[in-house]
There are 2 protein chains.
Amino acid sequence: MMEHDIFRALADPTRRTIFEKLAAGSMNASALRQGMDISQPAMSQHLAVLRAARLVREQKEGRFVNYEVDPDGLALIAQWLAKYRAYWPARIDALKLLLKDMDQ
Amino acid sequence: MMEHDIFRALADPTRRTIFEKLAAGSMNASALRQGMDISQPAMSQHLAVLRAARLVREQKEGRFVNYEVDPDGLALIAQWLAKYRAYWPARIDALKLLLKDMDQ
DNA sequence: ACGACACATAAGCACATACTTATGCGATTC
DNA sequence: GAATCGCATAAGTATGTGCTTATGTGTCGT
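Residues numbered from 1 in each chain as written. Chains lettered and ligands numbered in written order. Predicted model: local features only at pLDDT ≥ 70, side-chain atom pairs only at ≥ 80, totals over all residues. Heavy atoms only, no water.

A.B. asks: Sorry if this is basic, but what is going on with the layout of surface pockets here?
C.D. replies: It is the rolling of a water-molecule-sized probe over the atoms that shows where space remains empty. Residues and elements named next belong to chain B. There is about 210 Å³ of room inside the largest pocket. Lining the largest pocket are 13 residues; nearest its centre among them are A29, S30, Q40, V65 and Y67. For the lining of the largest pocket, the leading source of residues is helix α4 (residues 40–52), giving 5 residues. Here the residues of the lining of the largest pocket are counted per class, giving 6 nonpolar, 4 polar and 3 charged. (1 Å grid on protein atoms, 1.4 Å probe; cavity = no way out; pocket = protein on both sides within 12 Å on 5 of 7 lines; lining within 4 Å. Points joined across faces, edges and corners; volume = space filled by probe spheres on them. Helix = DSSP H or I, 4+ residues; strand = E, 2+ residues; numbered from the N terminus. Nonpolar A, V, L, I, M, F, W, Y, C, P; charged D, E, K, R; others polar.)

Structure, rendered in structure tokens:
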């Protein structure tokens, strides 16, 4: 199940941090480790989970692997969220901000 | 951390099923168990996790406890998602559907 | 008042998961 | 072509998680 992979991937705080770093700009696995106190295999395993969830995608460049945010995963979350639109609060500031952003 | 509780809560397929059932209409814990092959304590524990994540809220009615979707949790997910709007694909069908839904 | 009911909580157990160290595999450098 | 580098994978281990079987707490019916 796709949404299962996504929510399971995002359930780990380390993986959310990795995703946020990639959202700020794509980079390779070694660069991602900077300032994170995480071993190389651990990073590799986390990236594999994020990749399986389609939250992240890889782009091989020689012996480096550049990682970037995969829009597909975010779209799937948006799709999941849309199912419950009937319950979205009408006046919460966060939602108003979201609507404004989406309205472009 | 709020978003941690939310993603961790949604990482479990049984809890997502419970949430979906509640989205279709609020009901008490016993009613939720119908057709789910889950013990009473297990249901109670799942509901406690969903409650802690603000995805669900309770409304005590005598010896029954009516559960319903809590819009706060959904708003927090929307807020999290909004942070990455720069990566939302412009032309993916799912997003177009979402936009249409949100536009009411 | 007593039992039945709806639900929560406690404790224990089986399994999943996130880490570690060790090793493998290509691509690059010398 | 040998060593090094960037990354993936394997295997083992400690902790987390979801379940179970009691048991507790408050409410209702009789």
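What follows picks up the thread again.
A.B. asks: Looking at this structure, I do not really get the pattern of salt bridges. What am I missing?
C.D. replies: Opposite charge on two side chains permits them to pair, given that their charged atoms come into close proximity. Residue and element names in this part refer to chain B. A complete count under the given rule lists 12 salt bridges over all chains for this structure. A salt bridge links D72 to R54; its shortest N-O distance comes to 2.7 Å. Of this pair, D72 sits in helix α5 (residues 71–82) while R54 sits in the loop between α4 and β2 (56–61), placing them 18 residues apart in sequence. When its relative accessible area of 37% is taken as the criterion, R54 is described as partly exposed. Salt-bridge contacts for D70 lead to R57; the nearest nitrogen and oxygen are separated by 3.9 Å. (Salt bridge = Lys/Arg side-chain N within 4 Å of Asp/Glu carboxyl O. Buried < 20%, exposed > 50% of the residue type's maximum accessible area, 1.4 Å probe, protein only.)

A.B. asks: What should I look at first to understand the protein's contact with DNA strand C in this one?
C.D. replies: If you check the shell around DNA strand C, you find 23 residues, and the closest are H46 of chain A together with S30, Q40, S44 and Y67 of chain B. A distance of 3.5 Å separates a phosphate oxygen of DNA strand C from a polar side-chain atom of R8 of chain A. In the model, a phosphate oxygen of DNA strand C is placed 2.8 Å from a nitrogen or oxygen of the S39 of chain A side chain. When residues of the surface near DNA strand C are traced back to their parent elements, those giving at least two are α2 (13–23) and α4 (40–52) of chain A together with α3 (29–33), α4 and β3 (64–69) of chain B. No other element matches the 5 residues that α4 of chain B contributes to the surface near DNA strand C. Along the lines of polarity and charge, the residues of the surface near DNA strand C split into 6 nonpolar, 10 polar and 7 charged. (Near = heavy atom within 4 Å. Polar contact = N/O pair within 3.5 Å; in protein donor to acceptor, adjacent residues only side chain to side chain.)

A.B. asks: Mind showing me how you'd approach the protein's contact with DNA strand D here?
C.D. replies: Neighbouring residues of DNA strand D: 24 residues in total, closest S30, S44 and Y67 of chain A together with S39 and H46 of chain B. The separation between a phosphate oxygen of DNA strand D and a polar side-chain atom of S44 of chain A is 2.7 Å. One of the side-chain nitrogen or oxygen atoms of Y67 of chain A is found 2.6 Å away from a phosphate oxygen of DNA strand D. Residue assignment for the surface near DNA strand D shows that the elements contributing at least two residues are α3 (29–33), α4 and β3 (64–69) of chain A together with α2 (13–23) and α4 of chain B. The element contributing the most residues to the surface near DNA strand D is α4 of chain A, with 5 residues. Considering only residue class, the surface near DNA strand D consists of 7 nonpolar, 10 polar and 7 charged.

A.B. asks: Looking at this model, I keep getting lost on the packing of aromatic side chains. Mind explaining?
C.D. replies: Each aromatic ring pair is summarised here by two numbers: the centre-to-centre distance and the angle between the ring planes. Enumeration according to the criterion identifies 9 aromatic pairs over all chains in this entry. Look at F7 of chain A and W80 of chain A: their rings are 5.0 Å apart centre to centre, the planes differ by 75°, and that puts the pair in the edge-to-face class. Pair noted here: F7 of chain A is in helix α1 (residues 2–10) and W80 of chain A is in helix α5 (residues 71–82), with a separation of 73 residues, a long-range link. A relative accessible area of 3% places W80 of chain A in the buried class. By way of ring pairs, the aromatic residues F7, F19, W80 and Y84 of chain A together with F7, F19, W80 and Y84 of chain B are connected into one cluster. (Phe/Tyr/Trp six-rings, centres within 6.5 Å; stacked < 30°, edge-to-face > 60°.)

A.B. asks: Where do I start with the side chain of N66 of chain A in this structure?
C.D. replies: Mapped onto the secondary structure, N66 of chain A falls in strand β3. Beyond its immediate sequence surroundings of up to four residues, N66 of chain A is in contact with S26, M27, N28, R57, E58, Q59 and E61 of chain A. (Contact = heavy atoms within 4.5 Å.)

A.B. asks: When you look at the environment of Y87 of chain B in this model, what are you seeing that I'm missing?
C.D. replies: With respect to the secondary-structure elements, Y87 of chain B resides in the loop between α5 and α6 (93–103). Not counting the four nearest positions on each side in its chain, Y87 of chain B is found in contact with L22, A23, A24, G25, V69, P71 and L74 of chain A. Within the structure, the side chain of Y87 of chain B is placed 2.6 Å from the backbone oxygen of A23 of chain A, a separation counted as a polar contact.

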